[in-house]
Amino acid sequence: MSTLSTLQAGMLASLVAGLFTPLGALPIMVLRHISQRLEDALMGFGAGVMLAATAYSLAMPAYEDSLALTGTIGWALTIVCGGIVCGGILVWGMDRFVPHEHFALGKQGGADALQIRRIWLFIFAITIHNFPEGLAVGVGYARGDMAAGVALTLGIGLQNLPEGLIVSLGLLAIGYSRLTALGAALLSGLVEPIGGVIGALAVHVVDALLPFGLAFAAGAMLFVISHEIIPESHRKGHEGDATFGVLGGFMLMFVLDKVF
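Keep in mind that this is a model prediction, so the values were computed, not measured.

Grouped together as the largest cluster of nonpolar side chains are 38 residues, with contacts concentrated most on L58, V137, I156 and M253. For this core, the secondary-structure elements that each account for two or more residues are α1 (2–25), α2 (36–70), α3 (73–97), α4 (113–142), α5 (146–173), α8 (210–234) and α9 (239–259). The element best represented in this core is α8, accounting for twelve residues. Excluding residues that lie within four positions of it along the chain, L58 makes contacts with A53, A136, L152, L214, A217, A218 and M221.

Structure representation (structure tokens):
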């Protein structure tokens, strides 16, 4: 029964984390744009939160559980490193073979068909990288540490706030309505519960998969941080603001991990 309740908690938590994306889009009801400097700082903040969540809520627990399972440091490290590599390869494959585009959203009006296509491809890219976040939440709860799961859910949810805002502002900039922009943010976040269900079910069915699953989710998130979020935040020349955003996000997630 306790395992079942943990499974349900992981599924529900991944849904909650995903719903932070449309929550982040709500400010578009009163504004139509933010400065590029602020946008890059917010993306850096999200990257910092994810980095800390990867280290403290995924990689370290994966090592601890692997060590308890195998009894040897060598095998524990092998499981964790193997999981990280496999997680990175999965997202690399999605990035390589699923059509999408890395695109710094502009704020100009009068968009043509190519610009509209690019922005929707960018939204699809956001949706792709929300999958490993949901996976991380689902697997994290399956470990049975509810306090750590809450911190991970809150951290990933906070990271989703600026994503929802950036996606919705991009759609407003090319003439879509506020409701359409909010709907797109909602849909891009709803892929997280899908990842959460897959991760929680896999670990629930095979308990021995838990350490590997945690490391797998860590690798997937690390790939997204390095390949997607940080390059986007540095694209417009505000590297310093983005980097301080990373520091702030990392510190916040570190505090959440220790408080919870």
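Moving on, there is more to tell.
Residues L12, L15, V16, L19, L186, L187 and L190 make up a contiguous nonpolar surface patch of roughly 560 Å² in combined accessible area. Only α1 and α6 (178–189) provide two or more residues apiece to the nonpolar patch. Sort the elements by how many residues they give to the nonpolar patch and α1 lands first, with four residues. When you line up the elements, L190 lands in the loop between α6 and α7 (191–205). Assessed through its relative accessible area of 31%, L190 is described here as partly exposed.

Below, the discussion takes up the pattern of salt bridges. Evaluated as defined, the whole model comprises two salt bridges. Note that D241 and R37 form a salt bridge whose closest N and O atoms lie 2.7 Å from each other. Placement of D241 in helix α9 and of R37 in helix α2 is noted, with a sequence separation of 204 residues between them. Residue D241 is classed as partly exposed on the basis of its relative accessible area of 24%. Notably, a salt bridge pairs R235 with E232, separated by 3.2 Å at the nearest N-O pair. Overall, the relative accessible area of 43% leaves R235 in the partly exposed class. Of the residues examined, E232 reaches a relative accessible area of 6% and is grouped as buried.

Rules of the game
- Residues numbered from 1 in each chain as written.
- Predicted model: local features only at pLDDT ≥ 70, side-chain atom pairs only at ≥ 80, totals over all residues.
- Heavy atoms only, no water.
- Core = buried A, V, L, I, M, F, W, Y, C linked by side-chain atoms within 4.5 Å.
- Buried < 20%, exposed > 50% of the residue type's maximum accessible area, 1.4 Å probe, protein only.
- Helix = DSSP H or I, 4+ residues; strand = E, 2+ residues; numbered from the N terminus.
- Contact = heavy atoms within 4.5 Å.
- Patch = residues over 30% accessible without salt bridge, like charges linked within 9 Å, V, L, I, M, F, W, Y side chains within 5 Å.
- Areas by Shrake-Rupley, 256 points an atom, 1.4 Å probe, with all protein chains shown as cover.
- Salt bridge = Lys/Arg side-chain N within 4 Å of Asp/Glu carboxyl O.

Purely spatial values, then, with no claim about function.
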